[in-house]
Amino acid sequence: EAGLLAPLPEAEFPWADIFPELRQEELHFKDGQMYAVPEKFGYNTLAYNKAKVDPADMRHTPVLWDPKYKGRIAVYDYYIPLMGMVAIGLGMRPSDISVSNLPQIRDKLFAIKDNAALVGDVVTSQTALATGQVDIIAGGGEYVTAGLHAENPDLDWVLPDDGGVRWMEAFGVVADRGKQELATEFVKYILSPEGQARLATSSCYWAMPANSKAALTEEQKTILRWEEQPGFIAKSYPYFVPGPELDAQMLEVWTEF
């Protein structure tokens, strides 16, 4: 609406190869014109050291408030996905969170706090898992452990059977900068099978390529649990965006937590 993004030539992008759940036109199109394209996604879920925990336990979100793992959990410090995970563990969808059931969310958050060794950002929680300070990251995922797999193959992640929270990103091209054609070619490369594989396994952090035909190696597919992606996507939910009143109350609970 502000005119900051240049239109993209939809026919020149592999739109049909992008996972269907990521092809949300309301996020990428305006008045029928494409302005952005999904390029990467992943999960806020459970990352863990499989040598220190029972991997079967990690298939169930309520493990986060199981006293069995007291003092062994790091919590990623972001209220939207973590409250979403709690809702899923209570049998709800993240979008079911409301002012009326927020006390239930709070109760389980404080049960997680009883098990937590720390609450921190990505680097803090990742370091705690890598050094053995904790055995589980609540809100972790492939972006935490995949890049460390060569260093420590016991670091793993999974989307629980009851579901999880899915994040996603998109690329666009800034309008009126003089190099829109070149920038568009770069975005087209990033969406190609080769570009997707390189982006998904970049040194900053690994994540899921949006193109289902990404040219991943068999080892990379194993680390990313590629064969499980259709099921993971189907039982994961995009970030819940609360209205102003609920958002303020959720932040208040998280600050207390």
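Up top is the structure.
From a predicted model like this one, the values you see are computed outputs, not experimental measurements. Along every chain, residues carry numbers that run from 1 in the direction the sequence is written. With the structure being a predicted model, the display of local features is reserved for residues of pLDDT at least 70 and the display and counting of side-chain atom pairs for 80 or more, all residues being used for whole-chain, interface and lining totals. To get the side-chain values, take all heavy atoms of the structure and skip hydrogens and water.

A. Focus on the overall build of the protein chain. Note on conventions: DSSP H or I runs of at least 4 residues are helices, E runs of at least 2 residues are strands, and numbering of each starts at the N terminus. When helices and strands are tallied, the protein chain shows 10 helices and 10 strands. The globule rule used for comparison is 2.2 Å times the number of residues to the exponent 0.38, while the radius of gyration itself is calculated over C-alpha atoms. Its C-alpha atoms give the protein chain a radius of gyration of 19 Å, near enough to 18 Å, the size a compact globule of 257 residues would have. Along the first, second and third principal axes, the C-alpha atoms of the protein chain reach 55 × 45 × 30 Å. Residues classed as buried in the protein chain amount to 50% of the 257 residues present. In the protein chain, 72% of the contacts between residues at least 6 apart in sequence involve partners at least 24 apart. In this description, accessible areas are obtained by the Shrake-Rupley approach with a 1.4 Å probe, and a residue is regarded as covered only by the protein chains that are shown. Here the protein chain displays about 12,100 Å² of accessible surface, and carbon together with sulfur accounts for 52% of that area. For this count, His and the chain ends are skipped, Lys and Arg are scored as positive, and Asp and Glu as negative. Charge positions come from single atoms, namely NZ of Lys, CZ of Arg, CG of Asp or CD of Glu. Side chains of the protein chain carry 22 positive and 37 negative charges; the gap between the two charge centres is 3 Å. Remark: exposure states derive from per-residue accessible area (1.4 Å probe, protein chains only) relative to the maximum for the residue type, with buried under 20%, exposed over 50%, and partly exposed in between. Any two residues whose heavy atoms approach within 4.5 Å at even a single point are treated as in contact.

B. Summary view of the side chain of Lys-188. Along the polypeptide, Lys-188 turns up in helix H6 (residues 180–191). Once residues within four sequence positions are removed from consideration, Lys-188 is found in contact with Glu-12 and Phe-13.

C. Representation of the packing of helix H3 (residues 102–115) against helix H10 (residues 244–256) in the model. To obtain each axis, a line is fitted to C-alpha atoms, and for helices this fit is confined to the stretch in contact; angles are then taken between N-to-C directions over 0 to 180 degrees. For the pair H3 and H10, the least separation of the axes is 10 Å and the interaxial angle reads 20°. Overall, the two elements H3 and H10 adopt an arrangement that is roughly parallel. As for how H3 packs across H10, the hand of that crossing is right-handed. For the pair H3 and H10, contact is made by Leu-102, Arg-106, Leu-109, Phe-110 and Lys-113 and by Gln-249, Met-250, Val-253, Trp-254 and Glu-256, respectively. Charged residues are taken to be Asp, Glu, Lys and Arg, nonpolar residues to be Ala, Val, Leu, Ile, Met, Phe, Trp, Tyr, Cys and Pro, and polar residues to be all remaining types, Gly included. Its residues assigned to classes, the contact of H3 with H10 comprises 6 nonpolar, 1 polar and 3 charged. Roughly parallel refers to an angle under 35 degrees, roughly antiparallel to one over 145, roughly perpendicular to one between 65 and 115, and oblique to any angle outside these ranges. Handedness of a helix crossing follows the sense of rotation of the near helix relative to the far helix, less than a right angle counterclockwise being left-handed and clockwise being right-handed.

D. Focus on the pairing of strand S8 (residues 164–172). For two strands to be treated as a pair, DSSP must find at least two bridges joining them. Of the pairings in the sheet, the one linking strand S3 (residues 36–49) to S8 comprises 8 bridges and is antiparallel in character. From the neighbouring strand, Pro-38 faces S8, where its bridge partner is Ala-170.

E. Looking closely at H6. The end-to-end C-alpha distance of H6 is 16 Å, a good match for the 16 Å that 12 residues give at a rise of 1.5 Å each. Among all positions in H6, only Thr-184, Val-187, Lys-188, Ile-190 and Leu-191 are buried. Projected onto a plane normal to the axis of H6, the buried residues spread over an arc of 160° and lie on a single side. Buried-residue contacts for H6 involve S3, S8 and helix H7 (193–200). One fewer than the residue count of a helix, multiplied by 1.5 Å, yields its expected span. Here the arc refers to the directions that run from the helix axis out to each C-beta atom.

F. Fine view of the pattern of salt bridges. Each salt bridge in this description consists of a side-chain nitrogen of Lys or Arg and a carboxyl oxygen of Asp or Glu lying within 4 Å of one another. Counting across every chain of the model gives 17 salt bridges. For the salt bridge of Asp-107 with Arg-106, the shortest nitrogen-to-oxygen distance reads 3.9 Å. Classification of Asp-107 by relative accessible area gives partly exposed; the value is 49%. The class for Arg-106 is partly exposed, based on a relative accessible area of 28%. Across the salt bridge formed by Arg-106 and Glu-256, the nearest N and O atoms sit 2.6 Å from each other. Here Arg-106, found in helix H3, pairs with Glu-256, found in helix H10; they are 150 residues apart in sequence, far enough to count as distant. Residue classification places Glu-256 among the partly exposed residues on the basis of a relative accessible area of 42%. A network of salt bridges, in which partner residues are shared, links Lys-50, Arg-59, Asp-156, Asp-161, Arg-225, Glu-228 and Lys-235.

G. Looking closely at the environment of Glu-39. Its place among the elements puts Glu-39 in strand S3. Residue Glu-39 is classed as buried on the basis of its relative accessible area, which comes to 3%. In sequence terms Glu-39 and Ile-190 are 151 residues apart; their C-alpha atoms lie 7.4 Å from each other. Residues contacting Glu-39, with those up to four places away along its chain left out, are Glu-169, Ala-170, Phe-171, Ile-190, Leu-191, Gln-196, Leu-199, Met-208, Pro-209 and Ala-210.

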